[in-house]
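# Per-entry structural report
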Amino acid sequence: MARLLLIEDDLTIRTPLVRGLRERGHAVAAASTAMTGLRDALDDRPDLVVLDLGLPDLDGRELLRMLRAVSAVPVIVATARDDETEIVRVLDAGADDYVVKPFTAAQLDARVRAVLRRGPGGIADADPTMVIGGLRIDPRSRQVSLDGEPVELTPREFDLLRHLATRVGEVVTKRELLTEVWQIPYGGADKTVDVHLSWLRRKLGESAQQPRYLHTVRGVGVRLVVPEAAG
Ligand code: CA
């Protein structure tokens, strides 16, 4: 039995697949959008993700890139696009295997078992290092490097960066940062967050005006992203 996460927006595909995979003994969770799928993949740590490429909120390949930046969980891509270029592209982007629609639960189950047989993977791996583009964050040693160069951070800056890294691609509010990183309730103290963010930016060699990793979303919060150039 494996714990599977199926990210698929089409109910007419999702429902029979979930049922078919459960009948084959797997524990199956499902998500209908890329962003809920990414969240579930990080929170629930499934053994394997089945990812539809055509999702409403984000291209599945983009989601694969984001997932790969933070996780080694095996991914099988489900694609309607039966063309070789597309398949090569998703395999290059870090997919472990693919299935072309339409496919049955039995076929998918066989692929799942084959991928899982290849060995341990999954985000419960021994190495919890988070890799976001050229940024490496090691929570054990609390060390950070950028493009291979060590970055010296204060404990608070490290906690701030690590928290943003667990939510890569998502806008994190200052309220959440104050609660989670500073463990103080929100009370107009968001200047504290601004100040630490600006220090962190400087250490990462960027600015609010010319962001690479840390993007301010005015009036809302901040988002850590994989810069385009870092792929
Ligand atoms: Ca779809």
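Residues numbered from 1 in each chain as written. Predicted model: local features only at pLDDT ≥ 70, side-chain atom pairs only at ≥ 80, totals over all residues. Heavy atoms only, no water.

Before going further, it helps to spend a moment on the domain arrangement of the protein. Once the domains are mapped, the protein shows domain 1 (3-117) and domain 2 (123-229). Computed from C-alpha coordinates alone, the two centres of domain 1 and domain 2 are separated by 28 Å. Taken together, the contact pairs 13 residues of domain 1 with 14 residues of domain 2. Summed over both partners, the interface of domain 1 with domain 2 comes to about 1,100 Å²; 56% of that surface belongs to carbon and sulfur atoms. Contact with domain 2 buries area across many residues of domain 1, yet Arg65, Ala69 and Val70 alone supply 38% of it, more than any other trio. Put simply, Arg39 and Glu170 hold a salt bridge, and the shortest N to O gap is 3.0 Å. Where domain 1 meets domain 2, there are 2 residue pairs in polar contact (both at pLDDT 80 or more). Looking at the side of domain 1 that touches domain 2, the elements that each hand over two or more residues are α2 (34-44) and α3 (60-70). (Domains from an automatic or database assignment. Contact = heavy atoms within 4.5 Å. Buried area = accessible area lost by both parts, 1.4 Å probe. Salt bridge = Lys/Arg side-chain N within 4 Å of Asp/Glu carboxyl O. Polar contact = N/O pair within 3.5 Å; in protein donor to acceptor, adjacent residues only side chain to side chain. Helix = DSSP H or I, 4+ residues; strand = E, 2+ residues; numbered from the N terminus.)

Before going further, it helps to examine the side chain of Asp52. Within the fold, Asp52 resides in strand β3 (residues 48-52). Among the polar contacts listed, one links the side chain of Asp52 to the side chain of Lys101, at a separation of 2.9 Å. Excluding its chain neighbours within four sequence positions, the residues that come into contact with Asp52 are Ile7, Glu8, Asp9, Gly60, Ala78 and Lys101.

We now examine the packing of aromatic side chains. Under the definition given, this model contains 0 aromatic pairs. The ring of Tyr98 is capped by Arg111, whose NZ or CZ atom sits 5.9 Å from the centre of that ring. (Phe/Tyr/Trp six-rings, centres within 6.5 Å; stacked < 30°, edge-to-face > 60°. Lys NZ or Arg CZ within 6 Å of the ring centre and 35° of its normal.)

Another point: the coordination of the calcium ion. Protein coordination at the calcium ion comes from Asp9 (OD), Asp52 (OD) and Gly54 (O), with a distance range of 2.2 to 2.3 Å. The sequence pattern formed by the donor residues of the calcium ion is D-x42-D-x1-G. Of the two residues, Asp9 is situated in the loop between β1 (3-7) and α1 (11-23) and Asp52 in strand β3; the sequence distance between them amounts to 43 residues. On the accessibility criterion, Asp52 (4% relative accessible area) is buried. (Donors = N, O, S within 2.8 Å, 3.2 Å for Na, K, Ca; no water. Buried < 20%, exposed > 50% of the residue type's maximum accessible area, 1.4 Å probe, protein only.)

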